[in-house]
Amino acid sequence: MMKQDLILILDLGSEENVRLARSIRTLGVYSEIYPHDISRRSIEAMTNLRGIIINGGKNNVVDGQPIAVEPWLFTLGIPLFLVDYPCTGSISDSAAPSPLCRQADSLPADDKDLAALLSPFIFEDCKAEANWNMSNFIADQVALIRQQVGDKQVLLALSGGVDSSVVAALLIKAIGKQLHCVHVNHGLMRKGESEQVVEVFRQQLGANLVYVDASERFLGKLAGVADPEEKRKIIGSEFIRLFEEEAVKLGKMDFLAQGTIYPDIAESGTKTAKVVKSHHNVGGLPEDMKFQLVEPIKFLFKDEVRACGLELGLPETMVFRQPFPGPGLGVRCLGAITAHRLHSLREADAILREEFAAAGLDRQIWQYFTVVPDFKSVGMKDGYRTFEYPVILRAVNTVDAMTAEVPQIDWALLQKITNRILAEVPGVNRVLYDISPKPPATIEWE
Ligand code: XMP
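Overview of the structure. (Residues numbered from 1 in each chain as written. Predicted model: local features only at pLDDT ≥ 70, side-chain atom pairs only at ≥ 80, totals over all residues. Heavy atoms only, no water.)

### What to know about the overall build of the protein chain
Each helix and strand in the protein chain was counted, giving 13 helices and 16 strands. Looking at the protein chain as a whole, 50% of its 446 residues qualify as buried. If you take every contact in the protein chain between residues at least 6 apart in sequence, the share linking residues at least 24 apart comes to 74%. (Helix = DSSP H or I, 4+ residues; strand = E, 2+ residues; numbered from the N terminus. Buried < 20%, exposed > 50% of the residue type's maximum accessible area, 1.4 Å probe, protein only. Contact = heavy atoms within 4.5 Å.)

### Considerations on helix H10 (residues 302–311)
Every buried residue of H10 is listed here: Glu304, Val305, Cys308 and Gly309. Taken down its axis, H10 places every buried residue within 145° of arc, on the same side. Buried positions along H10 lie against helix H1 (17–26), helix H4 (134–149), helix H5 (162–175) and helix H11 (316–319). Count one or two residues on from H10 and you reach Gly313, which has phi positive near 90°. (Arc of directions from axis to C-beta.)

### Structural notes on the site of the ligand
Around the ligand, the structure places Arg232, Pro325, Gly326, Pro327, Trp366, Gln367, Lys438, Thr442, Ile443 and Glu444. Residue Arg232 places a side-chain N or O atom 2.6 Å away from an oxygen atom belonging to the ligand. One of the backbone nitrogen or oxygen atoms of Ile443 is found 2.7 Å away from an oxygen atom of the ligand. For the ligand, the accessible surface in isolation is 490 Å², of which the surrounding protein chains cover 68%. (Near = heavy atom within 4 Å. Polar contact = N/O pair within 3.5 Å; in protein donor to acceptor, adjacent residues only side chain to side chain. Areas by Shrake-Rupley, 256 points an atom, 1.4 Å probe, with all protein chains shown as cover.)

### Describing the sheet that holds strand E7 (residues 101–104)
Read from one edge to the other, the open sheet built from 5 strands follows the order E2-E1-E3-E6-E7, with strand pairing classed as parallel. This sheet does not close on itself; its edge strands, each paired only once, are strand E2 (30–35) and E7. Ignoring strand direction, the axes of neighbouring strands in this sheet form an average angle of 20°. Across the sheet, H1 lies against strand E1 (6–11), E2 and strand E3 (49–55), angled at about 155° from E2, the strand it touches most. Seen against the sheet, helix H3 (residues 111–125) touches E1, E3, strand E6 (80–83) and E7 and runs at an angle of roughly 175° to E7. (Pairing = 2+ DSSP bridges. Axes fitted to C-alpha atoms, helices over the stretch in contact; angles between N-to-C directions.)

### Some details on the pairing of strand E15 (residues 384–396)
With 5 bridges joining them, strand E13 (residues 367–371) and E15 adopt antiparallel strand pairing. Across the sheet, the residue bridging to Phe369 is Arg394, located in E15. Here strand E14 (residues 377–381) pairs with E15 via 5 bridges, running antiparallel. The partner of Ser377 across the bridge, within E15, is Glu388. Hairpin connection from E14 to E15: 2 residues lie between these consecutive antiparallel strands, with Asp382 at a positive phi of about 50°. Sheet topology note: the E15/strand E16 (residues 428–433) ladder contains 5 bridges and is parallel. Bridge pairing in E16 links Tyr389 to Val428.

### Some details on the nonpolar core
One finds Ile52, Ile53, Ile54 and Phe201 to be the most contacted residues of the largest nonpolar core, which totals 82 residues. Per-element tally for this core: the top contributor is H5, with 10 residues. Counting residues domain by domain, this core receives three or more from each of domain 1 (6–125) and domain 2 (134–319). Once you skip the residues sitting within four places of it in the chain, Ile52 turns out to touch Leu8, Leu10, Ile43, Leu73, Ile78, Pro79, Leu80, Phe81 and Phe121. In this structure, Val182, Leu413, Ile417 and Ile421 belong to the second largest nonpolar core, which totals 43 residues. (Core = buried A, V, L, I, M, F, W, Y, C linked by side-chain atoms within 4.5 Å. Domains from an automatic or database assignment.)

### With respect to the pattern of salt bridges
Across all of its chains, the model carries 27 salt bridges by this definition. For the salt bridge of Lys231 with Glu446, the shortest nitrogen-to-oxygen distance reads 2.7 Å. With Lys231 in helix H8 (residues 228–250) and Glu446 in the segment after E16, this residue pair connects regions lying 215 residues apart in the sequence. With relative accessibility at 0%, the residue Lys231 sits in the buried group. Given a relative accessible area of 17%, Glu446 falls into the buried group. Here Arg420 ties to Glu354 by a salt bridge, and the two come within 3.1 Å at their closest N and O atoms. Of this pair, Arg420 sits in helix H13 (residues 411–424) while Glu354 sits in helix H12 (residues 339–358); the two residues are 66 residues apart in sequence, bridging distant segments of the chain. (Salt bridge = Lys/Arg side-chain N within 4 Å of Asp/Glu carboxyl O.)

### Some remarks on the pairing of strand E10 (residues 208–213)
Pairing of strand E9 (residues 179–185) with E10, which is carried by 6 bridges, proceeds in the parallel orientation. The residue of E10 that forms the bridge with Val184 is Val212.

So this is what it looks like as structure tokens:
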């Protein structure tokens, strides 16, 4: 028996559906978006369903034809809320309208007004309980995962990012040793990150974890490669190759777990809104390795993923980890990567992160990191001329990473970071702060 009540939103292509789902969850009630042509059987199987919202809106048209929902929806005896959708319109005469059928012309733009509009429907018509919380979510998912997986084996590429870490923790709770995690360290992780993955998942949570330190192999493949796109390609394909090698060694795996989250599905357009984003599988696994997918957080928004991670006992540094590009430090060690510059980059990055955390900026600034270019400048040390690399500091705030602004960092903090880098990081004689917004710059340098 599912622990949380459900309000279902039928997707007729409105771009407001995600906002609607979010608003309902803010009221403490779980909500999901489904295609408008969901089958009667699927709906009847939802034992926790309390109400349905049919949100017409401007996009309720495909190829010039208005979309209609199935007439039987009006006869289920489940409370309905019709937004910008005719109560009769395309409904067949034979279907008697549901006794509980609320209507609105549109959704208020203001979030407070939206919540006020939804509240009486959810709590009075549907009699839903505000029982959407992480511990109920986890209990439900654990039951669902056990039901789906049975006694079979599950494979997971554990990068150490927020989403894959939360999926791992959830699966460990549900199926323990039937989960097989593979963590590939490409040698381009930040300081201490791979170690933390091993410590948390293997030592603390007792996971089956294959840890592959492939630093040397990656550095070898990247030696002398200066072109950013070429570097990305090498890192990406080598990463997949290594993961495959380890997967094959593990023997038969029936399921592949993935950290797909709700914005991946909902905001990239649903079935009705023309395209469904096809989720990239872990690329190119051998043809004969057929997997079914386990995607236990695919209905969570990012902040909910983090809350779920905390509830599962993951450390805050993992749960609130800033975004980190797949190719990692590889795109921040500009040009052809050398072990020496990579070391300077990693040490400088660790200092920046430490000082930002100490100043309380780690949760305020969206992304911050260091870059080491592949040119040197002249400097002075102990009365002697030096010829060494600079370190560039980068910090940005953004909503969607499409545009970004550079925050004004306290001068004293910048000086402290600079002094520490110059004193502690070998081979560096200059520190710069990049104040370029995106556009015209990008967030990363490569
Ligand atoms: P840019 O540099 O394009 O970056 O402004 C926008 C955001 O995307 C991240 N980024 C990447 N993420 N693989 C990734 O998974 C990549 O190759 C990659 N390149 C950039 C970047 O860190 C920023 O958050």
